[in-house]
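Survey of secondary and tertiary structure
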Amino acid sequence: MKRIFLIGYMGVGKTTLGKELAAKIGFQFIDLDHYIQGRYQKTINEIFAELGESKFREIEHKLLKEVAEFEDAVVSTGGGTPCFYDNMDVMKQAGVTVYLKTDPEVLLKRLFAGKDKRPLIKDKSEDELLEFIIENVAKREPFYNQAQIVFETGGLVQRSDIAGHVDKLIEMLPK
Ligand code: S3P
């Protein structure tokens, strides 16, 4: 097991959990969105606004294939990553895939507070956002559910719960 890919909807806590998991097992941590931002010297919002979503998906696919070659890495992906190109196959061939799953209401709480940095939701009201989350998660789950491991995070991933979640997740990883 050289790589672990964390997938799941925006706001579920892929980055927060990924960092802690990587530290605990001694792997490097890569956040795919940050990797993209570093390479292009632009925020995700700027890439969407200046180049459009389909170009973003192309870039995301290309850089996912790059990070899929890193050794001993925990990779947290973007919420849409598994749903474009053959990204799910790329990840499954390169390592273990983990779907971090939680309820739309929990995602809403987390996302509404920080929606400005996420281009797909930044202009939505709270009601519109809940509706969008429910519909979008339903569209994306056929991809997310292809993950080797489904990990239910329950409520919000709070700082105080993280160590427990990480230990539970480590238990579920192939030995
Ligand atoms: C997206 C999720 C974002 C980022 C981009 C698109 C999506 O990542 O890749 O804004 O399509 O769900 P996070 O899941 O880290 O917010």
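Residues numbered from 1 in each chain as written. Predicted model: local features only at pLDDT ≥ 70, side-chain atom pairs only at ≥ 80, totals over all residues. Heavy atoms only, no water.

**A few points about helix α4 (residues 53–67)**
Over its 15 residues, α4 extends 21 Å from the first C-alpha to the last, a length consistent with the 21 Å expected when each residue adds 1.5 Å. Among the residues making up α4, those that are buried are Phe56, Arg57, Ile59, Glu60, His61, Leu63, Leu64 and Val67. (Helix = DSSP H or I, 4+ residues; strand = E, 2+ residues; numbered from the N terminus. Expected span 1.5 Å × (residues − 1). Buried < 20%, exposed > 50% of the residue type's maximum accessible area, 1.4 Å probe, protein only.)

**Let's talk about the side chain of Thr102**
If you trace the backbone, Thr102 turns up in the loop between β4 (96–101) and α6 (104–113). From its side chain, Thr102 meets the backbone oxygen of Gly154 in a polar contact 2.4 Å long. (Polar contact = N/O pair within 3.5 Å; in protein donor to acceptor, adjacent residues only side chain to side chain.)

**Section: the pattern of salt bridges**
Tallied over the full model, the rule gives ten salt bridges. A salt bridge links Arg39 to Glu66; the shortest N-O distance between them is 2.6 Å. Taken together, the positions of Arg39 in helix α2 (residues 32–40) and Glu66 in helix α4 put the pair 27 residues apart, joining distant regions of the chain. Arg39 sits in the partly exposed class, given a relative accessible area of 41%. Residue class for Glu66 comes out partly exposed when judged on its relative accessible area of 27%. Between Glu50 and Lys42 there is a salt bridge whose closest N-O contact spans 2.7 Å. A relative accessible area of 27% places Lys42 in the partly exposed class. When salt bridges that share partners are traced, they join Lys2, Arg3 and Glu71 into one network. (Salt bridge = Lys/Arg side-chain N within 4 Å of Asp/Glu carboxyl O.)

**Looking at the packing of α4 against helix α5 (residues 87–94)**
Look at α4 against α5: their axes get within 10 Å of each other, and the N-to-C directions meet at 5 degrees. Here α4 is positioned roughly parallel relative to α5, judged by the angle of their axes. Residue-level inspection shows His61, Leu64 and Lys65 of α4 in contact with α5, the latter providing Asn87, Val90 and Met91. Partitioned by chemical class, the residues of the contact of α4 with α5 number three nonpolar, two polar and one charged. (Axes fitted to C-alpha atoms, helices over the stretch in contact; angles between N-to-C directions. Parallel < 35°, antiparallel > 145°, perpendicular 65-115°, else oblique. Contact = heavy atoms within 4.5 Å. Nonpolar A, V, L, I, M, F, W, Y, C, P; charged D, E, K, R; others polar.)

**Concerning the site of the ligand**
The environment of the ligand is formed by 13 residues, the closest being Lys14, Asp33, Arg57, Arg118 and Arg140. Here Arg57 contributes a side-chain N or O atom positioned 2.7 Å from an oxygen atom of the ligand. Between Gly80 and the ligand, the recorded distance is 3.3 Å, taken from a backbone N or O atom to an oxygen atom. Compared with its free state, where it exposes 390 Å², the ligand has 95% of that area covered by protein. Partitioning the shell around the ligand into residue classes produces five nonpolar, three polar and five charged. (Near = heavy atom within 4 Å. Areas by Shrake-Rupley, 256 points an atom, 1.4 Å probe, with all protein chains shown as cover.)

**Regarding the packing of aromatic side chains**
As enumerated under the stated definition, the model contains three aromatic pairs in all. With 5.0 Å between their ring centres and 40 degrees between their planes, Tyr99 and Tyr144 make a pair best called tilted. On the criterion of sequence distance, the pair formed by Tyr99 in strand β4 and Tyr144 in helix α7 (residues 126–144) is long-range, its members being 45 residues apart. Of the residues examined, Tyr144 reaches a relative accessible area of 0% and is grouped as buried. Here the basic side chain of Lys124 rests over the ring of Phe132, its NZ or CZ set 4.7 Å away from the ring centre. (Phe/Tyr/Trp six-rings, centres within 6.5 Å; stacked < 30°, edge-to-face > 60°. Lys NZ or Arg CZ within 6 Å of the ring centre and 35° of its normal.)

**Examining the pairing of strand β1 (residues 3–7)**
Remember that side chains alternate between the two faces of the sheet whenever the strand is regular. Among the five residues of β1, five are classified as buried, and the element is accordingly described as predominantly covered. The alternating pattern of β1 places Arg3, Phe5 and Ile7 and Ile4 and Leu6 on opposite faces, both of which are buried. With four bridges joining them, β1 and β4 adopt parallel strand pairing. Bridging across to β4, Ile7 finds its partner in Tyr99. (Pairing = 2+ DSSP bridges.)

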